[in-house]
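Working through the structure, step by step
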Amino acid sequence: MDTHAVTSLATADWAVMATYFAFVLGIGVVLRRAVTSSDEFLLSGRSMPAWVSALAFLSANLGAQEVIGMGASGAKYGIATSHFYWIGAVPAMLFVGLFMMPFYYGSKARSVPEYLRLRFDEKTRGLNAVSFAVMTVFSSGISMYAMGKLFNLLLGWNLDVAMLASAAIVLAYTLLGGLTSAIYNEVLQFFLIVFGFAPLVWLGMRDVGGWSGLVAKLQSVATTQGYASDAWVRSWHHMGAAKDNPIGVEWFGLVAGLGFVLSFGYWCTDFLVVQRAMAAESMTAARRTPILAAFPKMLFPFLVIVPGMLAMALTASGGSVIPAKMDASGAPMVDALGRAVLDFDLATPALLVKYFPSGMLGLGLTALLASFMSGMAGNVTAFNTVVTYDLYQGYVNKNASDKHYLTVARITTVVGILVSIAAAYVAAAFNNIMDVLQLVFAFVNAPLFATFALGMFWKRSTGHGAFWGLVAGTTGAAIHHGLSLPAGAVVGVKGGYLGATLHYPSELAQTFWTAIIAWSTCFVVTMAISFFTTPRPESELTGLVMGLTPKPNDEDVSWWQRPVTLAVVVVVCLIGLNEVFW
């Protein structure tokens, strides 16, 4: 089928989408009266049950970057994309629940930057607040671009109009209900994704002849690109050397870059997800939040990665499901090696159009739209909290009334949406939005995790060390990125602007090593400077550092509901999944 053709939606499809929009705005309207303070608007009053905060914790990351980006990566890299879950997410989710939430929740910090102020000093907080604010609007812009692109592809809408429409809807319900509205919409989105994508996977697998049929069809994809015939369906088997797998990275770069630096850097320090756990009703609920979220997280590769693999298999078989990326003149783009650049971001949407009939198509599109808007809302609610509390209250007006801060929070929400619109156009330079997002994480989250690791587990680390370590880590990432270039790319936003002396087989390989450089630089510089500067007295670090913080008491719940017990079950399941797809 021609995936650039405008899709005609039936009345049933429009009805499903309209019902979703009504629910989204209705939640905001209902919660509007309950939001009377800045704490309720920005932090949800720390009142969420563990299961609600867990689904929100999961869904905050389940935006366009995951639903579309992981489908794109499934097409581009195959089942090895599951590493983003099974080593690139779940272990870090367990770590933040077991070891880091006691510091976040127990310190009563209102944000991750505020924890840095309590642990280190004001300048470290300010640096993180600014970098995080920039990262969130970039991430929100990626969601906005993906949503606009979807409307443009399927409904023929102008890309600019589509992005503005999505921004207006998110702005409306976030302004009305704040974080609580975003959290409940994220829970709704979770169920929409499950019910919208499970039938898509079932229909696609039936069409290709089950898993064995998918394996057979992906053999030509692998061999055509010079890999072993099973490279698209084995997760670890070809990780011995970078040249042997489509991701283009060896096992050490994967484990250190993704499994350690990027993964722990995101799940343990990114306020977007940490904010959901901090909204839980108790310390035990906060610790259980990311661990409970790990259970469905392990299974999501089958909902979001497999559709991309199906689209790639069908395209290789002559189905032309994934179209070529078009340049400004409307001509198909080619890379530096003369190969057609497939628009991998359209893999999952095109598969929806191929398989879903009227009504079902509306459900599938609604699931996509929900992921886009929830991703935008999650970033905007994290952005407005950090800007209001850490930047405005911290540096502009420290002693205003709570009503004043509530007004500032609402204004900041509008500003966040407007800046996100500008960031959306940057995402257009990449044919896989997951690649650009991981690159942003390499610059911001990777060095930040080194700072947190030292801050929480080494009482000798100092504010001067943390600040200059962050600066050095981000600088190291920029230098490495400027000196490197992935295969098939040209000098520009993808690197090489300082001279392309390092070459990587793929953008992800470049990003993983950028993250490793950023983390290592920050870690070494922070330790070195900390040894030559004065640490804070231990009396000021109670509740902020391991060894000076009382261990959490989980006696209020049964043994099988305790965080440690749940984490053990997750680890066993995780080992099993890696073994099955080895």
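Residues numbered from 1 in each chain as written. Predicted model: local features only at pLDDT ≥ 70, side-chain atom pairs only at ≥ 80, totals over all residues. Heavy atoms only, no water.

Quick look at the overall build of the protein now. When helices and strands are counted, the protein shows 22 helices and two strands. For the protein, whose C-alpha radius of gyration is 23 Å, the value lies close to the compact-globule estimate of 25 Å for 582 residues. If one aligns the C-alpha atoms of the protein with their principal axes, the spans along those axes are about 70 × 55 × 50 Å. Split into buried and exposed, the 582 residues of the protein put 62% on the buried side. Put simply, 80% of the contacts in the protein that link residues at least 6 apart link residues at least 24 apart. (Helix = DSSP H or I, 4+ residues; strand = E, 2+ residues; numbered from the N terminus. Rg over C-alpha atoms; globule rule 2.2 N^0.38 Å. Buried < 20%, exposed > 50% of the residue type's maximum accessible area, 1.4 Å probe, protein only. Contact = heavy atoms within 4.5 Å.)

Let's shift gears to the domain arrangement of the protein. Domain assignment breaks the protein into domain 1 (2–429) and domain 2 (434–551). Listed per partner, the contact involves 54 residues of domain 1 and 50 residues of domain 2. Note on domain 1 versus domain 2: buried area summed over both sides is about 4,400 Å², and carbon and sulfur give 77% of it. Our enumeration of links across domain 1 and domain 2 arrives at one salt bridge. Two residues, K76 and E507, come together in a salt bridge whose shortest N-O distance is 3.9 Å. Taken together, the links from domain 1 to domain 2 amount to ten residue pairs in polar contact (both at pLDDT 80 or more). With 14 residues, helix α11 (residues 251–269) is the single largest residue contributor to the side of domain 1 that touches domain 2. (Domains from an automatic or database assignment. Buried area = accessible area lost by both parts, 1.4 Å probe. Salt bridge = Lys/Arg side-chain N within 4 Å of Asp/Glu carboxyl O. Polar contact = N/O pair within 3.5 Å; in protein donor to acceptor, adjacent residues only side chain to side chain.)

This paragraph deals with the side chain of T180. Here T180 is to be found in helix α9 (residues 159–208). For T180, the residues in contact, after removing those within four places along its chain, are L31, E40, S44 and M48.

Below, the discussion takes up the nonpolar core. Residues Y104, L218, F300, F452 and F512 are the most contacted members of the largest nonpolar core, which totals 178 residues. Per element, the largest residue contribution to this core is 18 residues, and it comes from α9. Of the domains in this structure, domain 1 (2–429) and domain 2 (434–551) are the two that each give at least three residues to this core. When residues no more than four places from it in sequence are discounted, the contact partners of L218 are S229, W232, V233, M309, M312 and A313. The next biggest cluster of nonpolar side chains, apart from the first, holds seven residues, and it includes V35, L43, L406 and A409. (Core = buried A, V, L, I, M, F, W, Y, C linked by side-chain atoms within 4.5 Å.)

Next up on the list: the packing of helix α20 (residues 463–483) against helix α21 (residues 507–531). At a minimum axis separation of 7 Å, α20 and α21 run at an interaxial angle of 150°. If you check the angle between α20 and α21, you find them roughly antiparallel. In this structure, α20 crosses over α21, and the sense of that crossing is right-handed. Residues H464, G465, A466, W468, G469, L470, A472, G473, G476, A477, H480 and H481 of α20 form the contact with α21, whose participating residues are Q510, W513, T514, I517, A518, T521, C522, V525, T526, I529 and S530. (Axes fitted to C-alpha atoms, helices over the stretch in contact; angles between N-to-C directions. Parallel < 35°, antiparallel > 145°, perpendicular 65-115°, else oblique. Left-handed = near helix turned anticlockwise from the far one by under 90°.)

For the structure on display, the rule yields zero disulfides. Not engaged in a disulfide, the cysteine C268 finds its nearest cysteine sulfur in C522; these two sulfurs lie 15 Å apart. (Disulfide = S-S within 2.5 Å.)

So, on to the packing of helix α16 (residues 347–355) against helix α17 (residues 360–396). When two helices pack together, their arrangement is captured by the angle between the axes and the distance separating the axes. Contact pair α16 / α17: the axes reach a minimum separation of 9 Å and the direction vectors enclose 165°. The angle between α16 and α17 falls in the class roughly antiparallel. α16 and α17 meet at a crossing whose hand is right-handed. Facing P349, L352 and V353 of α16, the residues of α17 in contact are L361, G364, L365 and L368. Broken down by class, the residue content of the contact of α16 with α17 amounts to six nonpolar, one polar and no charged. (Nonpolar A, V, L, I, M, F, W, Y, C, P; charged D, E, K, R; others polar.)

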